[in-house]
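Listed here are the chains, written in short residue letters.
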Amino acid sequence: MSSHLLIRAARGEVVERPPVWAMRQAGRWDPEFNRWRQGKSFYEFSEDVELAARASLSPRRFGVDAIILFYDITSLPVAMGLPFTLRPHVGPWPDQPIRSLDDVRRLSPRPEPTRFRHILDLLRRVKDELQEDLPVIVFAGAPFTVASYCLGTGKDLEETRRFAESQPQTWDALLHRLSEATVHFLNVLIREGADIYQLFDSWAGALRFDEYERWSASYHRRIFAEVAEVPRILFVKECPYLEVMCQSGADVVSLGTRHDLAAARREFPHLVFQGNVDQELLRCGTPEQVAEATRRCVQAGGGQRHIVNLNHGCDPGTRVENFEAFVRAVKECRGSGSV
Ligand code: CP3
């Protein structure tokens, strides 16, 4: 059994302080990352094991309690046979967007591990470097969010909905296929030593309740039931359906700024919560404001069953001194937690 602080907290064990990490802790807000990042396309960069390992490990210097591997939620559909290009100011874009059932059937539901060899090599490389000092987080996008990238609709929910309504069979087949591939992908990574995983359904929080149940929550439950060897984290950006998230089978539920962490801890005492410092503050605030908000967050979490994180990922405007203040504030709360 792992003895890493973050893993013990995710299992609900008593810890000496809450662990801290951030979504997109490796990214363009970090000048060091930008220096290495130059000159290669996003997928070339993330498929270069040396560079991806360097990017994954770079937040270590800030004192975070876990390392998330550097790849993307679209890396899985790439392995399934759908290449993507990163479009500046738009995001990942499929070279040939899914349009028909035949397009879905061409995607491999259980891609051979050789199709995502670079991620397995990255995991090995990062684990070797860490020597068990920190746990490794792997992740996948949930079917709804990944499907919207496969259609080329991304964050534009109206467009995604239009497709789902006009081609319900293709849409369902796509969600099913992505879900099968996700179970396979995560189980391979766990077999190879990943310590914990996070399922990102970033854009599902904007769905109506009935859509969320059909397109999002039903797949969360299936994936969490079928990938259960390590702790499971669910992230949905600012999700209005907290109760449904809490019944998904996740061990850890990520909260947004719309949620009250202390109330969630009281209402769902068997769960662990992650979050929920406002990432906007890391972009626009001062280090003092960030430290103050982080201390309030640690206090609201009560020191136990809490992983300190942001409401969403660090964006390119995040200030390095604010990220440092965020991590430092958690570590200075050492010993102040109550059981
Ligand atoms: O530290 C980490 O978390 C790094 C690993 C990581 C990346 N993407 C690398 C990346 C993770 C966990 C992701 C998840 C991801 N990717 C999500 C879910 C998280 C969230 O933000 O809600 C989503 C929706 C995506 C899709 C995606 N990939 C978008 C919208 C973009 C463009 C965003 C931008 O900032 O331009 C990407 C590209 C991408 N993936 C970048 C990084 C660091 C930035 C582009 C670059 O380096 O050129």
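Residues numbered from 1 in each chain as written. Predicted model: local features only at pLDDT ≥ 70, side-chain atom pairs only at ≥ 80, totals over all residues. Heavy atoms only, no water.

1. Some points on the layout of surface pockets
In this structure, the largest pocket spans a volume of roughly 1,300 Å³. What lines the largest pocket is a set of 43 residues, among which Arg 24, Arg 28, Asp 72, Leu 86 and Pro 92 lie closest to the centre. Put simply, the parts of the chain that give the lining of the largest pocket at least two residues each are helix H2 (31-37), strand S2 (84-87), strand S3 (91-94) and helix H8 (143-151). Here the element with the most residues in the lining of the largest pocket is S3; it accounts for three residues. When its residues are assigned to classes, the lining of the largest pocket shows 22 nonpolar, 12 polar and nine charged. Summarising the domain contributions, the lining of the largest pocket has at least three residues from each of domain 1 (1-17 + 261-339) and domain 2 (26-63 + 67-194 + 196-229). Computed from the structure, the second largest pocket encloses a volume of approximately 230 Å³. (1 Å grid on protein atoms, 1.4 Å probe; cavity = no way out; pocket = protein on both sides within 12 Å on 5 of 7 lines; lining within 4 Å. Points joined across faces, edges and corners; volume = space filled by probe spheres on them. Helix = DSSP H or I, 4+ residues; strand = E, 2+ residues; numbered from the N terminus. Nonpolar A, V, L, I, M, F, W, Y, C, P; charged D, E, K, R; others polar. Domains from an automatic or database assignment.)

2. Describing unusual backbone geometry
It is generally the case that most residues other than glycine have a negative phi and that most peptide bonds are trans. With an omega of -15°, the peptide bond running from Gly 275 to Asn 276 counts as cis. Positive phi, normally seen in glycine, also occurs at Gln 131, with a value near 45°. Exposure remark for Gln 131: the relative accessible area of 63% places this residue in the exposed category. (Buried < 20%, exposed > 50% of the residue type's maximum accessible area, 1.4 Å probe, protein only.)

3. Description of a positive patch on the surface
Taken together, Arg 24, Arg 28, Lys 155 and Lys 237 make up a surface patch of like positive charges. Along the chain, the position of Lys 155 falls in the loop between H8 and helix H9 (157-166). (Patch = residues over 30% accessible without salt bridge, like charges linked within 9 Å, V, L, I, M, F, W, Y side chains within 5 Å. Areas by Shrake-Rupley, 256 points an atom, 1.4 Å probe, with all protein chains shown as cover. Salt bridge = Lys/Arg side-chain N within 4 Å of Asp/Glu carboxyl O. Lys, Arg positive; Asp, Glu negative; His and termini not counted. Charge placed at Lys NZ, Arg CZ, Asp CG, Glu CD.)

4. Structural notes on the sheet that holds strand S5 (residues 196-200)
Strand order in the open sheet formed by seven strands is S1-S4-S5-S6-S7-S8-S9, and the pairing between neighbours is parallel. Two strands lie at the open edges of the sheet, namely strand S1 (67-68) and strand S9 (306-310), each paired on one side alone. Alignment of strand S6 (residues 232-235) against strand S7 (residues 252-254), held across two bridges, turns out to be parallel. Within the sheet, the bridge partner assigned to Ile 233 lies in S7 and is Val 252. Sheet contacts for helix H7 (residues 117-130): S1 and strand S4 (136-141); angle to S4, the most-contacted strand, approximately 155°. (Pairing = 2+ DSSP bridges. Contact = heavy atoms within 4.5 Å. Axes fitted to C-alpha atoms, helices over the stretch in contact; angles between N-to-C directions.)

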